[in-house]
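# Results of the structural survey
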Amino acid sequence: MVELAKYGLILVAIANLAIVIVPYMLGRAELMTCRNFFLFGFTIYQVTSGVITLANPGSYTPEIMVSQQNAIAGKYLLWIIIFEVIFLASYRWGFGSKKLAKWTPIVKGTPREPVLWIFAFTLLGVALLLRFMILVPYISVLTTHIGMSTAAVAAGLGAWVWVRRPLNPAAAALMFGVLGAALIISLAGFYGRRPIVAITGCLAWGTYYSRWRNLQPARVIVYAAIFGIIPVVLVAKYTAIRGQFQGTEASGYQRLTAMVNANTKVGLMDLVSGQECAAWSMHLMEIYPENYQYRHMHSIEFYFVFSVPRALWPEKPDPLATVAWRDAGIPGVPDGFSIGPGIIGHAAAEGGFYALILYAGIFGLFIRYFDAVLARAPTQPFIALPIGAS
């Protein structure tokens, strides 16, 4: 069953690639959509990560190795297929999402280049203020995350202008200046990859919706392969060094400096492997509910209470990502450390099969809403880029 599951996951990965590329090459769909970004992440962290987990059990933490490999491997493949079918069906159906998107007010028109540069630098100032100047207890929890997204949009605006004149040295200098400032602002004192993923996502989003979407698909694929090196290297380098800043308050400049000398290959391999995400999902599938009681729909609950400071609510539930490693008995892990259980792992711990169905449907409708809004104003940077940052 392990071999069957492994090759089944490989076929799922190929199918996901076809779902994204074939309609785009035929001119029937956009390349850069929230759905496609989700499928890309899902494929890396749940599908190909699952192939690596099944093919090389020694590649992940021994404490989370499953004891019933055949049973869990078959169940994992089945859950992957069921999740994707329901996700894609709910996305296509879009019940309520498409209508809500039509009711959402949007900004009309496309601003001129000087206006975009002014907004880019203004947003950097706003991001700096939100990240470091608002020290009001509890409120700063929210402003920190808003500041990161604001910096990502600023970087996206730089890419939006630059890609129209990629050989212009002034535009390139301004774009890389905005990008560097956005990275310094966002990465300061933050351990996770969320800020840099938002920034690199906005770079890709900005280049595509500003100019590339009007080019021939084959040409866009070539450009994406060339210019895509920038965001991939940035994320890989940060992945390689972020562990050394766990629990520290290192500045964004210190982190950016460390990234310059980071081992890109190590970070890239860590990313491609999915960082044990599938291994954690399989582990959680095996121990819930046999060893631990279900945390029914905990992710939905935590989504709504995330911004509530723990100082006001000491009994605030911990996210699965910060308790799973403790339940697994992994030694030598610092407080605050978190793992990526993946959406399959969350479903396994938060209700089992019914949670899998529910989460797949919710994700499909949620993502369809943003894609429907984006489809109404694809050339408007103040619509496209905030969606890309999310």
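Just above, that's the structure.
Before going into details, it helps to say that this report is about the structure given with it. (Residues numbered from 1 in each chain as written. Predicted model: local features only at pLDDT ≥ 70, side-chain atom pairs only at ≥ 80, totals over all residues. Heavy atoms only, no water.)

### Describing unusual backbone geometry
Worth spelling out the cut-off: For helices the rule is a DSSP run of H or I covering at least 4 residues; for strands it is a run of E covering at least 2, with both sets numbered from the N terminus onward.
The step from Tyr288 to Pro289 runs through a cis peptide bond, and the omega angle for that step is -5°. Considering the arrangement of structural elements, one finds Pro289 in the loop between helix H13 (277–287) and helix H14 (298–305). In this structure, Met297 is a non-glycine residue whose phi angle is positive, near 50°. Checked against the element boundaries, Met297 lands in the loop between H13 and H14.

### Quick word on a nonpolar patch on the surface
We count it as follows: For patches, a residue must show more than 30% relative accessible area and have no salt bridge; joins then use 9 Å for like charges and 5 Å for nonpolar side chains, namely Val, Leu, Ile, Met, Phe, Trp and Tyr. Using a 1.4 Å probe, the Shrake-Rupley method yields the accessible areas, and only the shown protein chains count as cover for residues. A pair is scored as a salt bridge if a Lys or Arg side-chain nitrogen falls within 4 Å of a carboxyl oxygen belonging to Asp or Glu. For every residue, the accessible area obtained with a 1.4 Å probe (protein chains only) is divided by the maximum for its type, and the residue is called buried under 20%, exposed over 50%, and partly exposed between those limits.
A contiguous nonpolar patch, built from Met297, Tyr303, Phe304, Tyr354, Leu358, Ile362 and Phe366 and spanning about 730 Å² of accessible area, is present on the exposed surface. Only H14 and helix H17 (353–376) provide two or more residues apiece to the nonpolar patch. Ranked by the residues each element gives to the nonpolar patch, the list is headed by H17, at four residues. Checked against the element boundaries, Tyr354 lands in helix H17. Among the residues examined, Tyr354 registers a relative accessible area of 37% and is labelled partly exposed.

### Section: the nonpolar core
Worth spelling out the cut-off: For the purposes of this section, nonpolar cores are sets of buried Ala, Val, Leu, Ile, Met, Phe, Trp, Tyr and Cys residues that join through side-chain atoms within 4.5 Å. Two residues form a contact once any of their heavy atoms are found within 4.5 Å.
Within the largest apolar cluster, 108 residues are counted, with the highest numbers of intra-cluster contacts made by Phe83, Trp205 and Ile344. Sequence-distant contacts of Ile344, that is, excluding residues within four places in its chain, are made with Phe42, Gln46, Tyr76, Trp79, Ile80, Phe83, Ser281, Met285 and Leu356.

### Quick word on the pattern of salt bridges
Under the criterion given, the structure shown has three salt bridges. A salt bridge links Glu30 to Arg213, with the shortest nitrogen-to-oxygen separation between them at 2.4 Å. Residue Glu30 is found in the loop between helix H1 (2–25) and helix H2 (34–55), and its partner Arg213 is found in the loop between helix H8 (194–210) and helix H9 (217–227); the two are separated by 183 residues along the sequence. When its relative accessible area of 23% is taken as the criterion, Glu30 is described as partly exposed. Residue Arg213 is classed as partly exposed on the basis of its relative accessible area, which comes to 24%.

### Considering the packing of helix H3 (residues 69–93) against H17
Put simply, the rule reads: Axes, fitted as lines to C-alpha atoms, cover a helix only where it is in contact. Angles between the N-to-C directions of the axes lie from 0 to 180 degrees. Left-handed is the label given to a crossing in which the near helix is rotated counterclockwise from the far helix by less than a right angle, and right-handed is the label when the rotation is clockwise. Throughout this entry, Asp, Glu, Lys and Arg are counted as charged residues, while Ala, Val, Leu, Ile, Met, Phe, Trp, Tyr, Cys and Pro are counted as nonpolar. The remaining residues, Gly among them, count as polar.
At a minimum axis distance of 7 Å, the contact between H3 and H17 shows a crossing angle of 35°. Considering only the axes of H3 and H17, their crossing is right-handed. Residue-level contacts link Trp79, Ile82, Phe83, Ile86, Phe87, Ser90, Tyr91 and Arg92 of H3 to Phe353, Leu356, Ile357, Tyr359, Ala360, Gly361, Phe363, Gly364, Leu365, Ile367, Arg368 and Asp371 of H17. Tallied by class, the residues present in the contact of H3 with H17 amount to 14 nonpolar, three polar and three charged.

### Regarding helix H7 (residues 169–187)
Note the following rule: A helix is expected to reach a length of 1.5 Å times the quantity of its residues less one. N or O atoms closer than or at 3.5 Å make up a polar contact, with two conditions inside protein: a donor-capable atom paired with an acceptor-capable one, and, for residues adjacent in sequence, both atoms drawn from side chains.
With 19 residues, H7 should cover 27 Å at 1.5 Å per step; its first-to-last C-alpha distance of 27 Å lies within 8% of that length. Its side-chain oxygen placed 2.9 Å from the backbone nitrogen of Ala170, Asn168 serves as the N-cap of H7.

### Things to note about a positive patch on the surface
Selection criterion: Working convention for charge: Lys and Arg count positive, Asp and Glu count negative, and His plus the chain ends are omitted. Every charge is mapped onto a representative atom, which is NZ of Lys, CZ of Arg, CG of Asp or CD of Glu.
A contiguous patch of positive charge on the surface is contributed by Arg92, Lys98, Lys99 and Lys102. Tallying contributions element by element places helix H4 (residues 97–103) first for the positive patch, with three residues.

### Quick notes on the packing of aromatic side chains
Our working definition: Here a Phe, Tyr or Trp ring, Trp counted by its six-membered ring, pairs with any other such ring whose centre lies within 6.5 Å, and the pair is stacked when the planes are under 30 degrees apart, edge-to-face when over 60, and tilted otherwise. Here, a charge over a ring is recorded when the distance from Lys NZ or Arg CZ to the ring centre is within 6 Å and its angle to the ring normal is within 35 degrees.
Counted according to the given criterion, the structure contains 18 aromatic pairs. On the basis of an interplanar angle of 10° and a centroid distance of 5.1 Å, the ring pair of Phe42 and Phe83 is categorised as stacked. Taken as a pair, Phe42 in helix H2 and Phe83 in helix H3 lie far apart in primary sequence, 41 residues in all. Accessibility classification places Phe42 together with Phe83 in one group, the buried group. With 5.7 Å between their ring centres and 45° between their planes, Trp205 and Tyr209 make a pair best called tilted. Of this pair, Trp205 and Tyr209 both sit in helix H8, four residues apart, roughly one helical turn. Considered together, Trp205 and Tyr209 belong to a single accessibility category, that of buried residues. Each member of the aromatic cluster is reached from another via a ring pair, and the members are Phe38, Phe42, Phe83, Phe87, Tyr91 and Phe363. When the ring centre of Tyr91 is taken as origin, the NZ or CZ atom of Arg368, which lies over that ring, is 5.2 Å away.

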